[in-house]
Each structure stands twice: as structure tokens, then as C-alpha cells.
Amino acid sequence: MKKYIKSLAIIAAFFAASNSYGQDKKQEFSISLGGPFSFIKSTGGEYVPGNGINAGLRYAYYLNEGLSLGVGVEYQTYTSDSKFSYIFGQYNTVDPENEAFQFRYRLTNLREEQKLTYINVPINIQFETPGTSKLYVSAGAKIGFASSGTYQSTIGNSTTSGYYPQYNVELFSPAFAGFANVNDLKTPEKDLDTKVSYSATFETGLKQELGNRNSIYIGAYLDYGLNDIYDKKENKNLVQYNADVPVELQYNSAFDSGFARNMRLVSYGIKLRFAIR
């Protein structure tokens, strides 16, 4: 995150140092900061919206004094939690002795936290009223490229067992065989793969001119994802049994197993922008 913010700061300093540039008043450069609501919307469980920030640069070309076309680049973070009060599952597998059995799991109070970072490229059209204090409205679309993504789960109780139909018995122990009852479990942080995001974007507010060349914007904005961004390559079990090392169970994302689905990016809040024209 630091390297992106540093890059934005360097470019912004370049624009400020180039204050003598721009004999052509048809061009405007700006730097922005927005937030705080930025999260991953999903279905299949209770999602808890989180917070995030966006920082960006924008170039605009004015077709006339009230209408401009803009393109930019933004750094954006998103966080959310997916909550499930109770989840259970079962599937057939084999144990270390190659004996067939049915692995069963029951999870209570599962809470999975997702964190994503995207580099977005917005393209929009902006209308503004005349005067030194202007009302403005901007609308368009943006394409987002995943920079990083992780998930981590906390589980109130995890109960795993093995049912052997050939003996009509269900084993709840020993733990070294992968069968145990564990409270307050926290899984390791793992990568979360996502795809390109396409969003509709809208912004409106006040633009105040500061002298002949500079302006400051303050407005409200909304970015709403139009597509499911989860990169699901295959179906996975939420709790994966490993016959080679049965004591080490793997806890996958709720999106891997289909308990959560339809992952979309949403961001809204207040945006501040400083512009040089």
C-alpha cells in the first residue's frame, strides 16, 4: 500500500511543480482522496460491510466550460466479513490406512474477513454550473484490476468426525486423526484470488475555484460493482481433510465451497479533490 501512496504523492508533486503549465484552459489535473465505506457485497451468508480508502489522479479535457471528459487511476482498498451461525458438511475420502470413510464437519459462529486491494481506472463525463462556486455531477464507469487479496476466519467451535459405514461407527477422536472438538479457532491468513471488476460510478458536490487556476472539490460518491469478481477455479470443501497429515485440516474460504457467492465491490462516501487547470 505504501508504494502506491508514495507513487501518487510523487506524481501529485509533479503536477504542483508544473503550475506554470496549462496555457490551454481546456485541461485539468487533479488528485483525490475518498472513503470511508468500501466493502465486498455478497450473498449466501450475512455480510458485514467494512471500511476502506481510495486515492487517485484524474485528467480531464473540457469540451466547453461546463462539460468535460475524464480518465484517471485510483488505489482502492475493500474489507468485509461473511458471517455464518452454523455450517455443516460431509464427503467421502480415505484415511492414512487407505480405508474409506465419510469425513464430517460442523462449524458454529464462523466469521471470515476478506481484504482486497484494487487499482481502478475510471472514465467519466462531468457537468458543472458556471461561476466560482459550482455544482458538479459526474457519472461513468471504472475497470478494476486486483492487486492483492486475503481472507482469514475465526470459528467459535469446530467439530470434526469420521463415519465408517462398514463398521457403523462415528469417531470424534483422536485429534491426530483429524477428529476433534476445538473452540475459538483462528485460521492462518490465505490468498484470495479475484478477477477484473467493472463498476458504475456517480459523484456530485461542490467545486470551489481558488484563484485563476486551482480548484477544490468536495462531494459524495458511489461506486457499484456490476460483476461477480470471485475467481472460482474449482469447488473446494470448506474443511479439507488431508490423509497425509490428518491433524492439519485446511480451512478454505466460504466462497470456495459455495456457502458465499456473488462477490461485488461497493464503495461510497465523501471525496475531496484538488485540481490544477
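Residues numbered from 1 in each chain as written. Predicted model: local features only at pLDDT ≥ 70, side-chain atom pairs only at ≥ 80, totals over all residues. Heavy atoms only, no water.

Observations concerning the nonpolar core
Selection criterion: To define a nonpolar core, start from buried Ala, Val, Leu, Ile, Met, Phe, Trp, Tyr and Cys residues and group those joined through side-chain atoms within 4.5 Å. Exposure classes here rest on a 1.4 Å probe applied to the protein chains alone. A residue is buried below 20% of its type maximum, exposed above 50%, and partly exposed in between. Numbering of helices and strands runs from the N terminus; a helix is a DSSP stretch of H or I covering at least four residues, while a strand is a stretch of E covering at least two. Here a residue-residue contact requires only that any non-hydrogen atoms of the pair lie within 4.5 Å.
Counting residues in hydrophobic clusters, the biggest one holds 29 residues, and the most contacted among them are Phe103, Tyr105, Leu107, Leu116, Met263 and Leu265. Broken down by secondary-structure element, the contributors of at least two residues to this core are strand S4 (67–94), strand S5 (100–128), strand S6 (133–164), helix H2 (254–257) and strand S14 (261–276). It is S5 that contributes the most residues to this core, 7 residues altogether. Once residues lying within four places of it in the same chain are set aside, the contact partners of Leu107 are Ser85, Tyr86, Ile87, Ile155, Asn157, Ser158, Leu238, Val239 and Tyr251.

Side note on the packing of aromatic side chains
What characterises a pair of aromatic rings is the spacing of the ring centres plus the angle enclosed by the ring planes. For clarity, the threshold we go by: What counts as a ring pair is set by centres within 6.5 Å for rings of Phe, Tyr and Trp (its six-membered ring), and what kind of pair is set by the plane angle: stacked under 30 degrees, edge-to-face over 60, tilted for all other angles. Counted as over-ring charges are cases with an Arg CZ or a Lys NZ within 6 Å of the ring centre that also lie within 35 degrees of the ring normal.
Applying the stated criterion across every chain, the model contains 14 aromatic pairs. Consider the rings of Tyr78 and Tyr118, whose centres lie 6.1 Å apart with planes at 90 degrees: the pair is edge-to-face. Taken together, the residues Tyr78 in strand S4 and Tyr118 in strand S5 connect sequence positions 40 residues apart. Neither Tyr78 nor Tyr118 differs from the other in exposure class; each is buried. On the numbers, 5.2 Å between centres and 80 degrees between planes, the contact of Phe101 with Tyr241 is edge-to-face. With Phe101 in strand S5 and Tyr241 in the loop between strand S12 (239–240) and strand S13 (250–251), this residue pair connects regions lying 140 residues apart in the sequence. Residue Phe101 is classed as buried on the basis of its relative accessible area, which comes to 2%. Tyr241 gets classed as buried once you look at its relative accessible area, which sits at 4%. The lysine or arginine in question, Lys271, covers the ring of Tyr221, its NZ or CZ lying 4.8 Å from the ring centre. Over the aromatic face of Tyr217 sits the side chain of Arg273, whose NZ or CZ is 3.9 Å from the ring centroid.

As for the pattern of salt bridges
Put simply, the rule reads: Think of a salt bridge as a Lys or Arg side-chain nitrogen and an Asp or Glu carboxyl oxygen that are within 4 Å of each other.
Per the counting criterion, the structure on display carries 11 salt bridges. Residue Arg111 is joined to Asp81 by a salt bridge in which the shortest nitrogen-to-oxygen separation is 2.5 Å. Of this pair, Arg111 sits in strand S5 while Asp81 sits in strand S4, and the two are 30 residues apart along the sequence. Close ionic contact of Arg104 with Glu170 constitutes a salt bridge, the shortest N to O distance being 3.2 Å.

Side note on the side chain of Glu128
Under the convention used in this document: N or O atoms within 3.5 Å of each other form a polar contact, as long as, within protein, one can give a hydrogen and the other can take it, and as long as residues adjacent in sequence are counted only when both atoms are side-chain atoms.
Checked against the element boundaries, Glu128 lands in strand S5. The class of Glu128 is buried, set by a relative accessible area of 2%. Within polar-contact distance, the side chain of Glu128 engages the side chain of Tyr62 at 2.9 Å. Here Lys207 takes part through its side chain, which lies 3.1 Å from a polar atom of the side chain of Glu128. Residues within four places of Glu128 in sequence aside, it is in contact with Tyr62, Glu65, Gly66, Lys134, Leu135, Tyr136, Lys207 and Tyr217.

Focus on a nonpolar patch on the surface
Where we set the bar: Two distance rules govern patches: like charges are joined within 9 Å, and nonpolar side chains (Val, Leu, Ile, Met, Phe, Trp, Tyr) within 5 Å, applied only to residues with over 30% relative accessible area and no salt bridge. Note on areas: Shrake-Rupley, 1.4 Å probe, and residue coverage restricted to the protein chains presented here.
Taken together, the side chains of Phe37, Val137, Tyr198, Phe202, Leu222, Tyr224, Leu226 and Tyr268 make up a nonpolar region of the molecular surface, amounting to roughly 720 Å² of accessible area. Of all elements in the fold, only strand S10 (197–210) and strand S11 (214–225) reach the threshold of two or more residues within the nonpolar patch. Within the element layout of this structure, Tyr224 appears in strand S11.

With respect to the pairing of S10
Here is the rule we go by: Whether two strands pair depends on DSSP finding at least two bridges between them.
With 12 bridges connecting them, S6 and S10 associate as antiparallel partners. Paired with Leu135 across the strands is Leu206, a residue of S10. Here S10 runs beside S11; their pairing, made up of 12 bridges, is antiparallel. Within S11, the residue paired with Ala200 across the bridge is Tyr224.

Observations concerning the environment of Thr160
With respect to the element layout, Thr160 can be found in strand S6. A residue is classified by how much of its surface remains accessible, and Thr160, at 2% relative accessible area, is buried. Sequence-wise, Thr160 and Ala180 are 20 residues apart; in three dimensions their C-alpha atoms are separated by 5.4 Å. Residues contacting Thr160, with those up to four places away along its chain left out, are Phe103, Arg104, Tyr105, Phe172, Gly178, Phe179, Ala180, Val239 and Leu249. In terms of polar contacts, Thr160 uses its side chain to reach the backbone carbonyl oxygen of Gly178, at 2.7 Å.

Notes on the pairing of S14
Across 14 bridges, strand S1 (residues 27–43) lies against S14 in antiparallel orientation. Following the sheet pairing, Leu33 is matched in S14 by Leu272. As judged from the 11 bridges shared by S11 and S14, these two strands associate in the antiparallel manner. Looking across to S14, one finds that Tyr224 is bridged to Val266.

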